[in-house]
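Here is what each chain is made of, one letter per residue.
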Amino acid sequence: MHDDRSLVEARLKRVLAERIRPALYPESVPLTVSIWTAPGEPVPVAEGLAAPRSAIAVGDAWGAPWGTSWITVEGTVPAAWAGRTVEALIDLGFDANMPGFQCEGLVYRPDGTPVKGLNPQNQWVRIAAPAVGGERVLLHVEAASNPVILDYHPFLPTELGDQETAGDRPQYRLERMDLAVLDETVWELVMDLEVLGELMAELPEDGARRWEVLRAVERALDRIDLQDVNGTAAAARSELEQVLAAPAVPSAHRISAIGHAHIDSAWLWPLRETVRKVARTTANMTALLEDEPNFLYTMSQAQQFAWIKEHRPEVYARVKKAVAEGRFVPAGGMWVESDTNMPSSEAMARQFVHGKRFFLEEFGVENQEAWLPDTFGFTGGLPQIIRNAGSKWLLTQKISWSQINKFPHHTFLWEGIDGTRIFTHFPPVDTYNCSMKGSEIAHAARNFKDKGVARHSLAPTGWGDGGGGTTREMVAKAARLRDLEGSATVRWERPAEFFAKAEAEYPKPPVWVGELYLELHRATLTSQARTKQGNRRSENLLREAELWCATAALRTGHPYPYEALDRIWKTVLLHQFHDILPGSSIAWVHREAEATYAALAAELEELIGAAQRALAGDPAGGRELVFNGAPHGRSAVPAGGAAVPGGGPGGCTVTARAGGGFVLADGLLRVVVDGDGLVASVLELASGREAVAPGTRANLLQLHPDFPNMWDAWDVDQFYRNTVTDLTGADEVAVCTEGPEEVAVRVSRSFGSSTVVQTLTLRAGSGRLDIDTEVDWHETEKFLKAAFPLDLHTERYAAETQFGHQFRPTHTNTSWEAAKFEACNHRFVHLAEPGWGVALVTPSTYGHDVTRTVRAADGGTTTTVRFSLLRAPRFPDPRTDQGVHRFRHALVPGAEIGDAVREGYAIGLPERRVTGSAESVRPLVESDHGAIVVSAAKLADDGSGDLVVRVYEAGGGRVRGRLATSFPLAAVVPCDLLERPWDGTRGEVAADGDGVRLGLRPFELVTLRLTPSSAPSA
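Heads up: these notes are all about the structure in this document. Predicted model, so just to flag it, every value in this text is computed and none were measured.

Its volume calculated, the largest pocket comes out at about 1,300 Å³. Ranked by residues supplied to the lining of the largest pocket, first place goes to helix α3 (residues 184-202) with ten residues. Residue composition of the lining of the largest pocket, by class: 21 nonpolar, nine polar and twelve charged. The calculated volume of the second largest pocket comes to roughly 1,000 Å³.

The buried fraction of strand β44 (residues 883-893) amounts to eight of the eleven residues, a majority that puts the element mostly inside the structure. Pairing of strand β35 (residues 769-777) with β44, which is carried by nine bridges, proceeds in the antiparallel orientation. For D776, the partnering residue across the bridge sits in β44 and is V884. Two strands pair when backbone bridges link them, and strand β41 (residues 836-841) and β44 are joined in this way by four bridges, in the antiparallel orientation. In the strand pairing of β44, L840 is matched with L891.

Time to look at the sheet that holds strand β8 (residues 114-118). What the six strands build is an open sheet, ordered β3-β2-β5-β10-β7-β8; its pairing is antiparallel. The outermost strands of the open sheet, each flanked by one partner alone, are β3 (54-55) and β8. As paired strands, strand β2 (residues 32-37) and strand β5 (residues 67-76) are joined by six bridges and run antiparallel to one another. What sits directly across from V33, in β5, is V73.

As a further point, take helix α10 (residues 345-363). The end-to-end C-alpha distance of α10 is 27 Å, a good match for the 27 Å that 19 residues give at a rise of 1.5 Å each. Taken across its 19 residues, α10 has 17 buried, putting it largely inside the fold. Residue G364 follows α10 closely and has a positive phi angle near 70°.

Moving on to the sheet that holds strand β42 (residues 847-854). Paired through backbone hydrogen bonds, the strands of a sheet run either parallel or antiparallel to each other. Taken in spatial order, the six strands make up an open sheet running β31-β30-β36-β43-β42-β39, and their pairing is antiparallel. The open sheet has two edge strands with one neighbour each: β31 (725-726) and β39 (823-824). With two bridges joining them, strand β30 (residues 700-705) and β31 adopt antiparallel strand pairing. Paired with Q702 across the strands is D726, a residue of β31.

Within this structure, the stated rule accounts for six cavities of 30 Å³ or more. Taken as a whole, the largest cavity holds about 160 Å³ of empty space. Lining the largest cavity are 17 residues, with S344, E346, E539, R543 and S935 sitting closest to its centre. Broken down by secondary-structure element, the contributors of at least two residues to the lining of the largest cavity are α10, α15 (529-556) and β48 (932-939). Here the lining of the largest cavity is built from residues that sort into seven nonpolar, four polar and six charged. Taken as a whole, the second largest cavity encloses approximately 140 Å³ of empty space. Considering the residues around the second largest cavity, the lining is formed by 19 residues, among which N341, F376, Y517, L518 and L525 are closest to the centre. When its residues are assigned to classes, the lining of the second largest cavity shows ten nonpolar, four polar and five charged.

Mapped onto the elements, D712 comes out in the loop between β30 and β31. Buried D712, no salt bridge; nearest opposite-charge side chain is R871, N-O distance 7.0 Å. Filtering out sequence-adjacent residues up to four positions away, D712 remains in contact with F155, F707, R871, P873 and F875.

With respect to the element layout, L89 can be found in strand β6 (residues 86-90). Measuring from C-alpha to C-alpha, the distance between L89 and G75 comes to 12 Å, with 14 residues separating the pair along the chain. Among all residues touching L89, those that are not within four sequence positions of it are Y25, Q123, W124, R176, M177, D178 and A180.

Scanning the model with the defined rule gives 37 aromatic pairs in all. Seen from their ring centres, F101 and W269 are 6.1 Å apart, and the 35° between their planes marks the pair as tilted. Of this pair, F101 sits in the loop between β6 and β7 (104-108) while W269 sits in the loop between β13 (254-259) and α7 (271-291), placing them 168 residues apart in sequence. Classification of W269 as buried rests on a relative accessible area of 2%. Ring centres 5.4 Å apart and planes at 80° place the aromatic pair F803 and Y952 in the edge-to-face group. With a gap of 149 residues between them, F803 in the loop between β37 (796-801) and β38 (804-809) and Y952 in strand β49 (residues 947-953) connect regions that are remote in the sequence. Overall, the relative accessible area of 0% leaves F803 in the buried class. For Y952, a relative accessible area of 1% translates into the label buried. Taken together, the ring pairs connect F101, F155, W267, W269, W401, W711, W714 and F875 into an aromatic cluster. When the ring centre of W124 is taken as origin, the NZ or CZ atom of R472, which lies over that ring, is 3.7 Å away. Note that R796 overlies the ring of F807, its terminal NZ or CZ placed 3.6 Å from the centroid.

About the cut-offs
Residues numbered from 1 in each chain as written. Predicted model: local features only at pLDDT ≥ 70, side-chain atom pairs only at ≥ 80, totals over all residues. Heavy atoms only, no water. 1 Å grid on protein atoms, 1.4 Å probe; cavity = no way out; pocket = protein on both sides within 12 Å on 5 of 7 lines; lining within 4 Å. Points joined across faces, edges and corners; volume = space filled by probe spheres on them. Helix = DSSP H or I, 4+ residues; strand = E, 2+ residues; numbered from the N terminus. Nonpolar A, V, L, I, M, F, W, Y, C, P; charged D, E, K, R; others polar. Buried < 20%, exposed > 50% of the residue type's maximum accessible area, 1.4 Å probe, protein only. Pairing = 2+ DSSP bridges. Expected span 1.5 Å × (residues − 1). Lys, Arg positive; Asp, Glu negative; His and termini not counted. Salt bridge = Lys/Arg side-chain N within 4 Å of Asp/Glu carboxyl O. Contact = heavy atoms within 4.5 Å. Phe/Tyr/Trp six-rings, centres within 6.5 Å; stacked < 30°, edge-to-face > 60°. Lys NZ or Arg CZ within 6 Å of the ring centre and 35° of its normal.

Laid out in structure tokens, this is it:
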């Protein structure tokens, strides 16, 4: 037989596009259209429905950027259409090739009942099936004219990302506005042909199945009368029945499909628009669930459920009904799909606390899986947090985006820094927006790394963001792929059902140890510095607010602000979403985030101040108490307590240096600042060790060009290092503080259009060099780093992460190690040789790099740590990070890992001074071992008055110690993160008088619920 395969395939493509699909709606009549545009922000539904309309026609422009227009369509179903399926076709000016990221609409009935969303791949509204002739049609569309930020030529700078700069030029033109008859037979034929055509393209060219499908398609096309598609569609379908009925082979890959719409809680739109995106999508999906009895849908992010509960209660009622039926499945158990690199230990824990609690209280559902398809890498501290939240599975997709190394597994056990293992799945379909295309299904089967020992994978199915979720076409394709020869099988299954099957069939999966590093989007650790500083400041203030409010409540009866803390935590958690905290959203999002963080800080400062004033007593007492919110004692003030300070040790000196610069000393360190204002030496006097590598200078600001190949705010590509400018010229180097307790030198520089002022300070008894940096930043597409070349030979270094630290190599032996050229730390990085080390600590700088070289002069090793301070990408915010920024870093020579932990907390939790009558405030709890760190102390969320204390082992070793309480204990109960009794603690926890005896494994996290037998004394 002659090979006419390409001829038949080309025929199918053209006939489908030019004859069959156009026959879906064989008859139509135009709708009458009118419009009202809200003058500012979106208005309540009732106001939008009642507003006066003016006429508008197909082809007319509408929709200024970020505007809202209420569009009304009216018409009458012709009498001749009685008994047929009638739909309204409402095209707001969609680009069907861009499902999401553009205009959207939510359809309402005249009484304000929401019907469904309108999206590029979902432009229909069912009027009746069957129709009644003469039926009057009246629908209202709340249409959002969100501008296209990420266009066909992506990453071009645009002012459309902020309402204040976007202008008012209309963005869209109305397209089709019709009532039309849907020919359901033609629609089914389209689905048949699309599934078979897509399947055919994935089958081997020399395989019999491909040719069987080809001949069936050819016969079907022969039965089509191109001048009467509607009259011959049924005959064409009959030719396809046999090939569609052929069952899959027993060894076929098995795909668990779940309806899904990954909705970024903010990204190329502001938070207020996400509220409406969620309403549109959930309206769509609850409607589809009613139409399709086999379909299942999942949605994560408790915040998004809370939004529709507050803003669209009618839609939420439908969601609750579908959840109760088991068909709308809450997933993930987190408040939002957060970044996991940068949130603090407590914040990461609270993502699960607030997310899981919401699902439990609203739906009676407890999730077993963490659901983070789009998050930019995962820290080694996360498995333990997932387990302590009562979950055991993880799904993500994003690691498939890695640029260099292909991850070797799709289903595996992920082991965290403490040894906790979590059953983890990466869907081999390589997308969280699966549309049931044959190419996607075939790719999942071919790509699956665990063939031969496992055969199940998951496919999140539906258009995300503004795309509206799963479509009826996807459901129809899934039905045909349920059991089809040549294809993987497809079943709609809940995430928990998938994980249970996958876990059962794969009892001994491979193990991946340590962080899941994404070899992409590394610059998200630096972009939008104000957002990152606002997050860290909020986390620190929340720690203090809970600590001091709990202390004041138990000691003085001061009211504990349950509701305020709950609300503030949820706001902070929202802003840890993986496009807000990483700095990859439009200008509007970050402008609002900065204002939100400022407001939260003011409120938290007031809560802290009120609690401390209650503890300090009558201000007329005249004693100045120092409150220490850090988990380690300092300045003779215990951790979590307050005391009247004694005199400082004194002994600081600063002297001029021959050749320019100054020498600073405090009895512990001798620091040389040269004439360029750079740190030429940091000598630890006790050991005689020099921290700064010979021939180098520390605190060296370095400027790189920064124009990645794509994803400007997200990415930094390795070639940025090829060009560097050392900022060595100083405008001023001068002593600014000189006294026995503190000495400081101020260094001023200018470069490009920017200036920087740094203050280098030694404080008596601290043993660390503090560096405060103020940058007035006005560069474009530049990357600013601060370099610290250290005289240390080490093959690895430690960077703090949630509830511990993780090690990374300083070398680049393999491509995996070379790919980690930008990484995340929390409060410290620590480098050490046996017996001596150096810590670099910071309250709010996350991005860094570590490199090593061998010096030609003496053969020694220089290991350089560089903190990433600022970037200046132009997309999606063309003015990212412009303006004034303030940073603090500190160099701690001679530091062990425990010193790094202590100084890391101390630099972000400054002492507070309050005048009162009390002599001291005893801590509620005190650890007798520096490695047993109190992460949180708060009153139990249930209002019982119990004290909840979270501790972890911070040094990476086994430790035994005691947590003493300053009040009689009635009971000690180990808990999970949700403060429920839990038997998952692996170490020793035992009541010990007025305290708890602890035996912790490396990095082990323990939550304790302590019930006082009486109120603690002051």
